[in-house]
Amino acid sequence: QVQLVESGGGLVQAGGSLRLACAASGSIFRMNAMNWYRQAPGNQRELVATITRGGSTNYADSMSGRFTISRDNAKNTAYLQMNSLKPEDTAVYYCNVVVTRFSGGRDDYWGKGTLVTVSS
């Protein structure tokens, strides 16, 4: 099994910055894609950013130029640097990873989320 622990959320004023971290542990042969999602009150969960093992990244349009996803493969950790935060960025942010098992199969896991609140 794989466990994910998110950290770095909190309260920040509009225009401020936060850095989220997602640390994965457990039975991992290879960590593949690592992703950040978010879910605002009353909204569906949406993809924020994704990064492949090789470092290729993609972002939702609203995050382009403001958010940066990165990873440290040696630590099985993903990061989300969030700059120029807006009140509409307020949400619970979730880490999601795709793992190759030692058996060769693949599975995905979710963290419990970390709350980001951006005040105006």
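In this report, the structure presented in the accompanying data block is examined. Predicted model, so just to flag it, every value in this text is computed and none were measured.

Analysis parameters
- Residues numbered from 1 in each chain as written.
- Predicted model: local features only at pLDDT ≥ 70, side-chain atom pairs only at ≥ 80, totals over all residues.
- Heavy atoms only, no water.
- Helix = DSSP H or I, 4+ residues; strand = E, 2+ residues; numbered from the N terminus.
- Rg over C-alpha atoms; globule rule 2.2 N^0.38 Å.
- Buried < 20%, exposed > 50% of the residue type's maximum accessible area, 1.4 Å probe, protein only.
- Disulfide = S-S within 2.5 Å.
- Pairing = 2+ DSSP bridges.
- Axes fitted to C-alpha atoms, helices over the stretch in contact; angles between N-to-C directions.

Across its full length, the protein carries 0 helices and 11 strands. For 120 residues, the compact-globule estimate of 2.2 N^0.38 gives 14 Å, and the C-alpha radius of gyration of the protein, at 14 Å, lies within 12% of that figure. Taking the principal axes of its C-alpha atoms as reference, the protein extends roughly 50 × 25 × 25 Å. For the protein, the residues scored as buried account for 42% of the 120 residues in total.

Right, let's get into the state of the cysteines. Enumeration over the complete set of coordinates arrives at 1 disulfide. Sulfur-sulfur distance for the disulfide between Cys 22 and Cys 95 comes to 2.0 Å. Measuring handedness by torsion sign, the sulfur bridge of Cys 22 and Cys 95 sits at about -80 degrees and is left-handed. One end of the pair, Cys 22, is in strand S3 (residues 18–26); the other, Cys 95, is in strand S9 (residues 91–100), and 73 residues separate them in sequence. Here Cys 22 matches Cys 95 in class, with each residue buried.

So, on to the sheet that holds strand S8 (residues 77–82). Spatial ordering of the open sheet is given by S1-S3-S8-S7, a layout of 4 strands whose pairing is antiparallel. Strands at the two margins of the open sheet, each flanked by one partner only, are strand S1 (2–7) and strand S7 (67–72). Ignoring which end each strand starts from, the neighbouring axes of this sheet average 15 degrees apart. With 6 bridges connecting them, S3 and S8 associate as antiparallel partners. Within S8, the position partnered with Leu 20 by the bridge is Leu 80.

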